[in-house]
Amino acid sequence: MGSDSAQKAASAGADRPPSILNLWISTYRNCPNLYIPGTHLNLAYILASAAVLLLSRQLSDWIFINLFQWPATAKMTMESAACAVSGLQAALFVPSLGACLLTTKPSYRPSGKMTDSQPWWQDAAKALIHFCTGYMLYDSIMLCVDTWDAATGRPNLSSADLMFIGHHFATTFYMTTALLQGAGHQSAMILMFLGEMTSPLMNAHAVLKFAVKIHPDSTLVYNALVYSEYIFAVVYLPMRAVGGPLAAAHLTYDLLLTKEGRQNCSVLITLLWMPMCWGVLFGSIPWIEESWEMLQDGLTLKYGPDYDYGDEYIHHHTDLK
């Protein structure tokens, strides 16, 4: 009897979501339904996520200018404010995504069906995917806002900006088509998890490399940059050079080379996913090479106070007064 009770209690505990997922589940279930016609994509949750991030960006701008006393018109300030939002959202998003992947039933499988998991897990996964879609919308909007040229009446997007928007479109397509067919979402989630895991470190490093320019006399900022650069390289290199390709190879095998994978997920959609999945990995090769150089340099800075970012990043220290 005691053994049966213990087993029932353990089973009941296993059927409850991890506490970190409760907010996602609650917000998803209580969000108004505004479905895109013919789909189960809740536009209201996507737009609400984008709106929260847009407000966060406004707050971040205000903090950098008014509290940190960074120059209001400097490109470094704008990019640092954007990086702060990206890094903080990833710091909240990644642990929840990891908890979701660890609790999927019966176990992680890239081609698994959504309906194979508990209802609470389905709501958590949908909330996270919808939120990530909202982030892609937010970031695309801000890329246009930040590069807006009043003289021409349009954003002055660089090739790098266009690459980011293309990445966001591809990611959104991958996630939403997985939700539409009710399978393959775990393949999107593992790619999101591995891709975003290093985002807090990457964005912290991005802010600090500009902070050392804005506050060149600060020993604290300089030391923080030294260690953030090295720690970022230590984490980024294995995640992108090893973890990413292994996960991509596994999901490619499961989606295309197993019977269940081909049954659960449209082969046509899977074939459309593959260039997106592998393209991001190949596109990260320059950053992998850079992180390897940082690792070899040890605690010698690559992006030190004297690093030249180009004329558009030049500011005068007197602007701070």
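Reading guide: rules and limits
In every chain, residue numbers begin from 1 and rise along the written sequence. The predicted nature of this model means local features are confined to residues of pLDDT at least 70 and side-chain atom pairs, given and counted, to a pLDDT of 80 or more, with totals for whole chains, interfaces and linings taken over all residues. Water and hydrogen atoms play no part in the side-chain values, which are based on all heavy atoms of the structure. Geometry is summarised by axes, namely lines fitted to C-alpha atoms with helices restricted to the contacting stretch, and by angles between N-to-C directions that run from 0 to 180 degrees. The helix count covers DSSP runs of H or I at least four residues long, the strand count covers runs of E at least two residues long, and both are numbered beginning at the N terminus. Each angle receives one of four descriptions, namely roughly parallel if under 35 degrees, roughly antiparallel if over 145, roughly perpendicular if within 65 to 115, and oblique otherwise. By definition, turning the near helix anticlockwise from the far helix through less than a right angle yields a left-handed crossing, and turning it clockwise yields a right-handed one. The contact definition used throughout considers only heavy atoms, calling two residues in contact when any of these lie within 4.5 Å. Amino acids outside the nonpolar list (Ala, Val, Leu, Ile, Met, Phe, Trp, Tyr, Cys, Pro) and the charged list (Asp, Glu, Lys, Arg) are all regarded as polar, and Gly is one of them. On a range of 0 to 100, pLDDT expresses the predictor's confidence in each residue. Salt-bridge detection follows one rule: a side-chain nitrogen of Lys or Arg within 4 Å of a carboxyl oxygen of Asp or Glu. Three exposure classes are used, based on accessible area relative to the maximum for each residue type with a 1.4 Å probe and protein chains only: buried under 20%, partly exposed in between, and exposed over 50%. Site definitions follow a grid-based scheme: protein atoms alone, a 1 Å grid, a 1.4 Å probe that fits but cannot get out for cavities, and for pockets an open set with protein on both sides within 12 Å along at least five of seven lines, plus lining residues having an atom within 4 Å of a point. Grid points are joined across faces, edges and corners, and a volume is the space filled by probe spheres set on the points. Geometry of aromatic contacts follows a simple scheme: Phe, Tyr and Trp rings, the Trp one being its six-membered ring, pair when their centres are within 6.5 Å, and the pair is stacked under 30 degrees between planes, edge-to-face over 60, tilted otherwise. In this charge count, Lys and Arg are treated as positive and Asp and Glu as negative; neither His nor the chain ends contribute. By convention a nonpolar core is built from buried Ala, Val, Leu, Ile, Met, Phe, Trp, Tyr and Cys residues, the set being connected through side-chain atoms within 4.5 Å. By this rule the span expected of a helix is its residue count minus one, scaled by 1.5 Å.

S.K.: Tell me what's going on with the packing of helix H6 (residues 159-181) against helix H7 (residues 185-196), and back it up with residues and numbers.
M.R.: Interaxial distance between H6 and H7 falls to 8 Å at its minimum, and their mutual angle equals 150°. Of the possible angle classes, the one that applies to H6 and H7 is roughly antiparallel. Judged by the sense of rotation from one axis to the other, the crossing of H6 with H7 is left-handed. For the pair H6 and H7, the contacting residues are Tyr174, Met175 and Ala178 in the first and His185, Ser187, Ala188, Leu191 and Met192 in the second. Looking at side-chain class alone, the contact of H6 with H7 contains six nonpolar, two polar and no charged residues.

S.K.: Residues and numbers for the confidence of the model for the protein chain, please.
M.R.: The share of residues in the protein chain with pLDDT of 70 or more is 93%, and the mean pLDDT across the chain is 90. Mean pLDDT per element in the protein chain: helix H1 (residues 2-14) is the minimum at 45, and helix H2 (residues 22-30) is the maximum at 97. Scored below 50 in pLDDT, residues 316-321 shows seven contacts in the model against residues more than four places distant or in partner chains.

S.K.: Which residues make up the pattern of salt bridges, and what values do they have?
M.R.: On inspection of all chains with the given rule, the structure shows seven salt bridges. Measuring nitrogen to oxygen at the nearest pair gives 2.6 Å for the salt bridge that ties aspartate 123 to arginine 29. With aspartate 123 in helix H5 (residues 119-146) and arginine 29 in helix H2, this residue pair connects regions lying 94 residues apart in the sequence. A salt bridge links arginine 57 to aspartate 146, with the nearest nitrogen and oxygen atoms 3.1 Å apart. Here the residue arginine 57 occupies a position in helix H3 (residues 43-67), and aspartate 146 occupies one in helix H5, the gap between them amounting to 89 residues. Residue classification places aspartate 146 among the partly exposed positions, given a relative accessible area of 26%. Salt bridges sharing common partners tie together Arg57, Asp61 and Asp146.

S.K.: Tell me about empty space enclosed by the protein, residues and numbers included.
M.R.: If a probe as big as a water molecule is rolled over the atoms, it shows which places are left empty. Tallying each qualifying case throughout the model produces one cavity of 30 Å³ or more. By volume, the largest cavity is sized at about 40 Å³. Gln89, Phe93, Phe131, Cys132, Tyr135, Met136 and Glu196 together form the lining of the largest cavity. Mapped onto the lining of the largest cavity, the elements with two or more residues apiece are helix H4 (75-102) and H5. Considering each element in turn, the lining of the largest cavity owes the most residues, four residues, to H5. Among the residues making up the lining of the largest cavity, the classes are represented as five nonpolar, one polar and one charged.

S.K.: For the layout of surface pockets, give the residues involved together with the corresponding values.
M.R.: Considered as a void within the structure, the second largest pocket measures approximately 590 Å³ in volume. Forming the boundary of the second largest pocket are 22 residues, of which Val52, Leu53, Ser56, Leu92 and Phe131 lie nearest the centre. Listed by contribution, the elements that provide at least two residues to the lining of the second largest pocket are H2, H3 and H4. At ten residues, the largest contribution of residues to the lining of the second largest pocket is made by H3.

S.K.: Requested: an account of unusual backbone geometry, with residues and values cited.
M.R.: For the peptide bond that leads from lysine 105 to proline 106, omega is 0°, which places it in the cis range. With respect to the secondary-structure elements, proline 106 resides in the loop between H4 and H5.

S.K.: An account of the environment of alanine 99 is needed here, citing residue identities and associated values.
M.R.: Note on placement: alanine 99 falls in helix H4. Distance from alanine 99 to glutamine 58, taken between C-alpha atoms, is 30 Å for residues 41 residues apart in sequence. Those residues within four positions of alanine 99 in sequence are excluded, and the remaining contacts are Pro18, Ile20 and Leu21.

S.K.: Break down the packing of aromatic side chains for me, with residues and values.
M.R.: Applying the stated criterion across every chain, the model contains 13 aromatic pairs. The rings of Phe210, Tyr303, Tyr307 and Tyr309 are connected pair by pair, giving a single aromatic cluster.

S.K.: Before we move on, can you summarise the side chain of glutamate 196 with the specific residues and values?
M.R.: Within the fold, glutamate 196 resides in helix H7. The buried charged residue glutamate 196 lacks any salt bridge partner; its closest oppositely charged side chain belongs to arginine 240, at an N-O distance of 6.6 Å.

S.K.: Give a description of the nonpolar core that names residues and reports values.
M.R.: Membership of the largest hydrophobic core comes to 54 residues, with the highest contact counts inside it found for Leu21, Trp24, Phe93, Cys100 and Met189. Elements with a contribution of two residues or more to this core: H2, H3, H4, H5, H6, H7, helix H9 (219-257) and helix H11 (267-283). Residues in contact with cysteine 100, not counting those within four places in the same chain, are Leu21, Trp121, Ala124, Ala125, Leu128 and Met189. If you look at the next biggest cluster of nonpolar residues, it comprises 26 residues, including Trp70, Val226, Ile288 and Leu301.

S.K.: Give me the lowdown on H6, citing residues and values where you can.
M.R.: Each turn of an α-helix holds 3.6 residues, which means side chains three or four residues apart point in the same direction. Between its first and last C-alpha, H6 extends 33 Å over 23 residues, near the 33 Å set by a 1.5 Å rise per residue. Taken residue by residue, H6 has Asp161, His168, Thr171, Tyr174, Met175, Thr176, Thr177, Ala178 and Leu179 as its buried positions. Backbone geometry just after H6 places glycine 182 at a positive phi near 70°.

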